[in-house]
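# Fold and geometry: a report
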Amino acid sequence: MRILRCDSLDDWAEHLAHLLISRLQVTPSLRLCLPTGVTPVPVYDRISDAVRAGRVSFRQSEVFLLDEFGGVAPDDPGRCDRMLSRFLLDRIDLPPDGFHRFTLDGDIDGECRAFERLIGSGCDLTLLGIGTNGHVGMNEPGSSADSLTRRVDLAPETTAATARYFDHDRLPTWGVTQGIGTIRRSGEVWLLAAGAGKAAIVDRIVNGPVTVDVPATLLRNHPSALLVVDRDASAV
Ligand code: PGA
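Here's what I pulled together on the structure shown here. (Residues numbered from 1 in each chain as written. Predicted model: local features only at pLDDT ≥ 70, side-chain atom pairs only at ≥ 80, totals over all residues. Heavy atoms only, no water.)

## Re the site of the ligand
In the vicinity of the ligand, the residues found are G37, V38, T39, G129, I130, G131, H135, R164, Y165 and K198. Within the contact set of the ligand, an oxygen atom lies 2.8 Å away from a backbone nitrogen or oxygen of V38. Look at the ligand: alone it shows 280 Å² of surface, and the protein chains cover 86% of it. Taken together, the residues of the shell around the ligand break down into three nonpolar, five polar and two charged. (Near = heavy atom within 4 Å. Polar contact = N/O pair within 3.5 Å; in protein donor to acceptor, adjacent residues only side chain to side chain. Areas by Shrake-Rupley, 256 points an atom, 1.4 Å probe, with all protein chains shown as cover. Nonpolar A, V, L, I, M, F, W, Y, C, P; charged D, E, K, R; others polar.)

Okay, structure coming up:
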C-alpha cells in the first residue's frame, strides 16, 4: 500500500481531487465506487467545481454506491444515496442511469446479489472512508477478505457515529455494503482519512497486523492500494 501524506486538509482535498480528475480525463468511462460520510465532502466540492468549470465530465462514467443504511425512509437526508446526491451527484453531469444504488424495498439478499453481478469483474477505482474501528463501507470487524455485497449489522459504535448524518435519533442498526472481496476486485483502491480523530486507526492500518479485526488492513496487500492522509490523521 502506498501512502500519501498531505500537509493540510486543503492540500489533501486538492491532491485527491486532482488525482480523480486525472483518472477521469484518461478514462471518461471510469467505473467508480464512491463513499458517503463526512470525509470525502471537501473532495466532492472540488470535483463539482471542476465539472462546473468544464475541466472534467462524468457523462460517460458510472458510480456505484459503497453502502446504504437499512430501515431508513427513502427520502431521509441521512440515507447514503441522498448524501451522495447532495454532496456530489446533483452538482455533476452523471446521467441518472449511471448511478447504481440500493433501494432496499424488497428482497434485500436478491438486490445484493444483483448489485454484485452489476459490478462484475470490479470497479476501476474505489474510494473509501475509514471508521474509527477500521471498518470500510459497512464491513465491520470480523468481515472476511472475500466477503461480497450483503446485509450486515452495524457495530454499536458505528450506529452511534451515524448520529452526525441524521436529524433524528432513530439511528440505523443495519445496512448493506459492498464486501471486502468486492472492493478487492477494484483496479485501484484509495483509502481516505483526515483529521486527528482518525490518527489512531491510521496507525493500526499502516503499522498493525493484517487482521479481520481491522477490516481496512485486508486492503493493504491490494496491488494498487493508496492511503491518503492529512497531517492530523498521520500524527500518531
Ligand atoms: P466519516 O465516516 O467519513 O463520516 O468519518 C467514515 C466511515 O465511518 O466509514
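Resuming the write-up.
## Some thoughts on the packing of aromatic side chains
Scanning the entire structure with this criterion turns up four aromatic pairs. Plain terms: the ring middles of F64 and F115 are 6.1 Å apart, the flat faces sit at 90 degrees to each other, and that makes the pair edge-to-face. Of this pair, F64 sits in strand β3 (residues 62-65) while F115 sits in helix α4 (residues 108-119), placing them 51 residues apart in sequence. Ring centres 4.1 Å apart and planes at 25 degrees place the aromatic pair F102 and F115 in the stacked group. On the criterion of sequence distance, the pair formed by F102 in the loop between β5 (99-100) and α4 and F115 in helix α4 is long-range, its members being 13 residues apart. For F115, a relative accessible area of 4% corresponds to the buried category. Put simply, the rings of F64, F102 and F115 touch in pairs and so form one group of aromatic residues. We note R86 situated over the ring of F87; from NZ or CZ to the ring centre the distance is 5.1 Å. Sitting over the ring of W174, R151 keeps its end group 3.7 Å from the ring centre. (Phe/Tyr/Trp six-rings, centres within 6.5 Å; stacked < 30°, edge-to-face > 60°. Helix = DSSP H or I, 4+ residues; strand = E, 2+ residues; numbered from the N terminus. Buried < 20%, exposed > 50% of the residue type's maximum accessible area, 1.4 Å probe, protein only. Lys NZ or Arg CZ within 6 Å of the ring centre and 35° of its normal.)

## A closer look at the side chain of T158
When you line up the elements, T158 lands in helix α5 (residues 156-161). Judged by its relative accessible area of 9%, T158 is buried. A polar contact of 3.2 Å, which involves the side chain of T158, links it to the side chain of H135. A polar side-chain atom of T158 sits 2.7 Å from a polar atom in the side chain of E140. Apart from the residues lying within four places of it in its own chain, the contact partners of T158 are N133, H135 and E140. (Contact = heavy atoms within 4.5 Å.)

Everything listed here is a matter of geometry and, on its own, says nothing about what the molecule does.
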